[in-house]
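Chain by chain, the residues run as shown.
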Amino acid sequence: MSIISLTTQHNVAVLTLTNGENRQNPQFAHQLKQALAEVVENQNHKALVITSNDAKCWSLGIDTDWLLPAMQAKKADEIRGFMYDMDDVFKTLLLFPMPVIAAINGHAFGNGAILACACDFRFMRGDRGFFCFPEVDLSIPFLPGMIAFVKKAIPYYRFNEMKLTGRRVSGAELAIDHVIEKASTDQDSLLADAMAFAASFDKKRGIFAEHKKRLHKEIIRVINEENKPFIDNLALMV
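In this text the structure is predicted, and so the values were computed from the model without any measurement. (Residues numbered from 1 in each chain as written. Predicted model: local features only at pLDDT ≥ 70, side-chain atom pairs only at ≥ 80, totals over all residues. Heavy atoms only, no water.)

Peer 1: How should the overall build of the protein be read in this particular structure?
Peer 2: Check the secondary structure of the protein and you find eleven helices and ten strands. For 238 residues, the compact-globule formula gives about 18 Å, and the C-alpha radius of gyration of the protein, at 17 Å, lands near that figure. Based on the C-alpha atoms only, the size of the protein along its principal axes is roughly 45 × 35 × 35 Å. For the protein, the share of sequence-separated contacts (at least 6 apart) that also reach a separation of at least 24 residues comes to 75%. Accessible surface computed for the protein: about 11100 Å², of which carbon and sulfur atoms make up 54%. Charge centroids of the protein, computed over 27 positive and 28 negative side chains, lie 4 Å from each other. (Helix = DSSP H or I, 4+ residues; strand = E, 2+ residues; numbered from the N terminus. Rg over C-alpha atoms; globule rule 2.2 N^0.38 Å. Contact = heavy atoms within 4.5 Å. Areas by Shrake-Rupley, 256 points an atom, 1.4 Å probe, with all protein chains shown as cover. Lys, Arg positive; Asp, Glu negative; His and termini not counted. Charge placed at Lys NZ, Arg CZ, Asp CG, Glu CD.)

Peer 1: I would appreciate a short explanation of the sheet that holds strand S8 (residues 130-132) in the present structure.
Peer 2: In sheet architecture, strand pairing relies on hydrogen bonds along the backbone and comes in two forms, parallel and antiparallel. Within the open sheet, the four strands sit side by side as S4-S6-S8-S9. Their pairing is mixed. Each end of this open sheet is capped by a strand with a single partner; those strands are strand S4 (57-59) and strand S9 (169-170). Both S8 and S9 contribute to a ladder of two bridges, which runs antiparallel. Within the sheet, the bridge partner assigned to Phe130 lies in S9 and is Ser170. (Pairing = 2+ DSSP bridges.)

Peer 1: Looking at this structure, how should I read the pattern of salt bridges?
Peer 2: Pairing between side chains of opposite charge can happen when the charged atoms of each approach one another. Throughout the structure, instances matching the rule amount to 19 salt bridges. Measuring nitrogen to oxygen at the nearest pair gives 3.1 Å for the salt bridge that ties Arg158 to Glu161. You can see Arg158 and its partner Glu161 sitting in helix H7 (residues 156-165), three residues apart, about one turn around the helix. Judged by its relative accessible area of 21%, Glu161 falls in the partly exposed class. As a salt-bridge pair, Arg221 and Glu225 come within 2.9 Å of each other at their nearest N and O atoms. Here Glu225 and Arg221 lie together in helix H11 (residues 217-232), a separation of four residues that amounts to about one turn. (Salt bridge = Lys/Arg side-chain N within 4 Å of Asp/Glu carboxyl O. Buried < 20%, exposed > 50% of the residue type's maximum accessible area, 1.4 Å probe, protein only.)

Peer 1: Looking at this structure, I do not really get helix H3 (residues 76-94). What am I missing?
Peer 2: The periodicity of an α-helix, 3.6 residues per turn, causes residues three or four places apart in sequence to face the same way. Across its 19 residues, H3 extends 27 Å between first and last C-alpha, which sits within 8% of the 27 Å expected from 1.5 Å per residue. Those residues of H3 that sit buried are Ala76, Ile79, Phe82, Met83, Met86, Asp87, Val89, Phe90, Leu93 and Leu94. The buried side chains of H3 occupy one side of the element, clustering within an arc of 155 degrees when seen end-on. (Expected span 1.5 Å × (residues − 1). Arc of directions from axis to C-beta.)

Peer 1: I'm lost on the packing of helix H2 (residues 64-72) against H3 in this one. Help?
Peer 2: The geometry of a pair of packed helices is captured by two quantities: the angle between their axes and the separation between those axes. The geometry of H2 relative to H3 is characterised by a closest axis approach of 8 Å and an angle of 140 degrees between their N-to-C directions. The angle between the axes of H2 and H3 places the two elements in the oblique class. Listed contacts from H3 to Trp66, Leu67, Ala70 and Met71 of H2 are Glu78, Ile79 and Phe82. (Axes fitted to C-alpha atoms, helices over the stretch in contact; angles between N-to-C directions. Parallel < 35°, antiparallel > 145°, perpendicular 65-115°, else oblique.)

Peer 1: Help me understand the pairing of strand S3 (residues 47-52), please; the structure alone is not making it clear to me.
Peer 2: A regular strand carries its side chains on alternate faces of the sheet. The element S3 is extensively covered by neighbouring structure, given that six of its six residues are classed as buried. Burial of the side chains of S3 extends over both faces: Ala47, Val49 and Thr51 are buried on one face and Leu48, Ile50 and Ser52 on the other. With six bridges connecting them, strand S2 (residues 12-17) and S3 associate as parallel partners. In the sheet register, Leu17 faces S3, and the bridge partner there is Ser52.

Peer 1: Looking at this structure, how should I read a nonpolar patch on the surface?
Peer 2: On the surface, Leu68, Met71 and Met237 cluster together into a nonpolar patch covering about 250 Å² of accessible area. Checked against the element boundaries, Met71 lands in helix H2. (Patch = residues over 30% accessible without salt bridge, like charges linked within 9 Å, V, L, I, M, F, W, Y side chains within 5 Å.)

Peer 1: Would you take a moment to explain the state of the cysteines for this structure?
Peer 2: Here a disulfide denotes a covalent bond joining the sulfur atom of one cysteine to the sulfur atom of another. Following the criterion strictly, the structure yields zero disulfides and no others. In this structure Cys132 is not part of a disulfide, and its nearest cysteine sulfur, from Cys117, lies 12 Å away. Cys132 gets classed as buried once you look at its relative accessible area, which sits at 3%. (Disulfide = S-S within 2.5 Å.)

This is the structure we're talking about:
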């Protein structure tokens, strides 16, 4: 079953998450990796917008209905494979040779919010949806690589507060902190704003990719080196 759709509007690729709450599991990671590769293959693409067709959610993070039974069944290789696949997704976005814009039309919780932070830019509805890191209440610590790239998207003082309290933050508040480019009025204006911003880019892929490679060099190192022992040992919960 396809849980992601990919379309093109002029020179902008639009990747739409189509599975309700868009919980992240092995199928999600595999299809997202595949879709990102397809975006790059089309040389006409100048930018990528990632959104959801759900009325309430952008992505609610890891699929606990998959993860908890997998942990109980001791499916260690499956869990490790998912974690490494999501690291591949994050690295792909961090090094993507064109701008990646998250059009956050609803709730972005946990790994969903983290996924949005791996993008270059974010737009969010001002009338609906919250951005939240509930891991502190779920006994799930961030991997080192997650901390590294979330800090590129969120000012440290706000990330510290959100990470340690688990508080739900609105688009309007995120706009004040410049976490998002704009808190759009509603769903229609969100997509219009994100698409207009995406269409303003006409950068050569080579220089855009090189800028991101140098800019995120340390983040990529942390993901590659510091995440590995936690994933290999399945030290994912406290």
